[in-house]
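# Structure at a glance
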Amino acid sequence: MWKNIFAPKKEISKGLYTSAGLSAFILFILMWSILSYTGIVNPLFLPSPGKVIDAAINLFSQGDIVKDIGISFTRVSLGFLLAAIIGVPLGILMGTLRIMEGFLEPLMGFIRYMPASAFIPLFILWIGLGEGEKMSVIFFGTFFQLTLMVMDVTKNVQNDLIEVSYTLGANKAQIFSKVILPASLPGIVDTLRITFGWAWTYLVVAEIVGASSGLGYMIMQSSRFLRPDKIFVGIIIIGLLGLMTDIIFKFIYRASFSWMRKEGV
């Protein structure tokens, strides 16, 4: 087991894999504690883990943070769900038909480099300061990358599979439904997992302007009142929520495509 730790692409035990991940968290907390408790970094810039825990306890005891978590999770989920509903079929279509790729890929490749935050004034002008504006920022930040990644996944389906299917008498509809779509699904689920993580990064951006609730709003308010402990609480909660959704997607992937592990894919 130990000889494979630093061997490229070699498998290690699940226990060792989990221990390595926990060790990274422990090392991070240890470094944080050294820098904060010893005073190497001013507490105004880096509160100690104890102060962050106390702030978290106070926020949860007051109850407002629970409401903010629910509101932010709803905004991220709805914005990402809309991006997935439109982006996944469009990406599959672009990856399947070269004419659709040629028509849409240059435009999407151009727009995806535009920062979503720069469009906030336009979203406010077009939509207003309601929930639609905030979900639009999350949608804009994830839709184009998601669509292009799904397109690449679909394009990577082996041509040999398609040619063999044609040889066996399959028509175009069957090629799509029986070959391209099943072969693309594992990559599509993995793409959704990755892009959902990006959706969380746009949450604070979406809640900077015109928001009166949510984790991003709480972080911005804490910044104005010089409460870095509350800022850390908000950041950690967002990280934990993102980690939770990542674990859910990994579970779906393993439960749905267990055959890939058995075949060593």
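Residues numbered from 1 in each chain as written. Predicted model: local features only at pLDDT ≥ 70, side-chain atom pairs only at ≥ 80, totals over all residues. Heavy atoms only, no water.

Along its length, the protein chain carries twelve helices and zero strands. Along the protein chain, helices and strands appear, N-terminal first, in the series α-α-α-α-α-α-α-α-α-α-α-α. Here the C-alpha coordinates of the protein chain stretch approximately 70 × 60 × 30 Å along the principal axes. For the protein chain, the proportion of its 265 residues judged to be buried stands at 37%. (Helix = DSSP H or I, 4+ residues; strand = E, 2+ residues; numbered from the N terminus. Buried < 20%, exposed > 50% of the residue type's maximum accessible area, 1.4 Å probe, protein only.)

With that settled, consider the environment of Glu133. Its place among the elements puts Glu133 in helix α6 (residues 131-155). Along the sequence, Glu133 and Leu122 sit eleven residues apart, while their C-alpha atoms lie 9.4 Å from each other.

Below, the discussion takes up the packing of helix α3 (residues 64-96) against helix α11 (residues 228-256). Following both chains from N to C, one finds α3 and α11 inclined at 45 degrees, their axes separated by 12 Å at the closest point. Relative to α11, the element α3 is oriented oblique. In this structure, α3 meets α11 at a crossing whose hand is right-handed. Taken together, the residues of α11 that come into contact with α3 (itself represented by Ile65, Ile69, Phe73 and Phe80) are Ile237, Leu241, Met244, Thr245 and Phe249. Considered class by class, the residues forming the contact of α3 with α11 number eight nonpolar, one polar and no charged. (Axes fitted to C-alpha atoms, helices over the stretch in contact; angles between N-to-C directions. Parallel < 35°, antiparallel > 145°, perpendicular 65-115°, else oblique. Left-handed = near helix turned anticlockwise from the far one by under 90°. Contact = heavy atoms within 4.5 Å. Nonpolar A, V, L, I, M, F, W, Y, C, P; charged D, E, K, R; others polar.)

Looking now at the UniProt feature "domain: ABC transmembrane type-1" (unreviewed entry) in the protein chain. Under the present numbering, the feature "domain: ABC transmembrane type-1" (unreviewed entry) in UniProt falls on residues 69-253. Between the end C-alpha atoms of residues 69-253 the distance is 26 Å, and the span holds 83% helix and 0% strand. (UniProt positions renumbered as here; feature names shortened; annotations may be inferred.)

Here we come to a nonpolar patch on the surface. A surface patch of nonpolar side chains, amounting to about 540 Å² of accessible area, comprises Leu27, Leu30, Met31, Ile34, Leu35 and Ile40. By secondary structure assignment, the location of Leu27 is in helix α1 (residues 14-37). (Patch = residues over 30% accessible without salt bridge, like charges linked within 9 Å, V, L, I, M, F, W, Y side chains within 5 Å. Areas by Shrake-Rupley, 256 points an atom, 1.4 Å probe, with all protein chains shown as cover. Salt bridge = Lys/Arg side-chain N within 4 Å of Asp/Glu carboxyl O.)

Moving on, we get to helix α10 (residues 215-224). Taken together, the buried positions of α10 are occupied by Leu215, Gly216, Met218, Ile219 and Ser222. Seen along its axis, α10 keeps its buried residues to an arc of 160 degrees; they face one direction. Taken together, the buried residues of α10 touch α2 (49-62), α3, α9 (203-206) and α11. Phi turns positive one or two residues past the end of α10, at Leu226, with a value near 55 degrees. (Arc of directions from axis to C-beta.)

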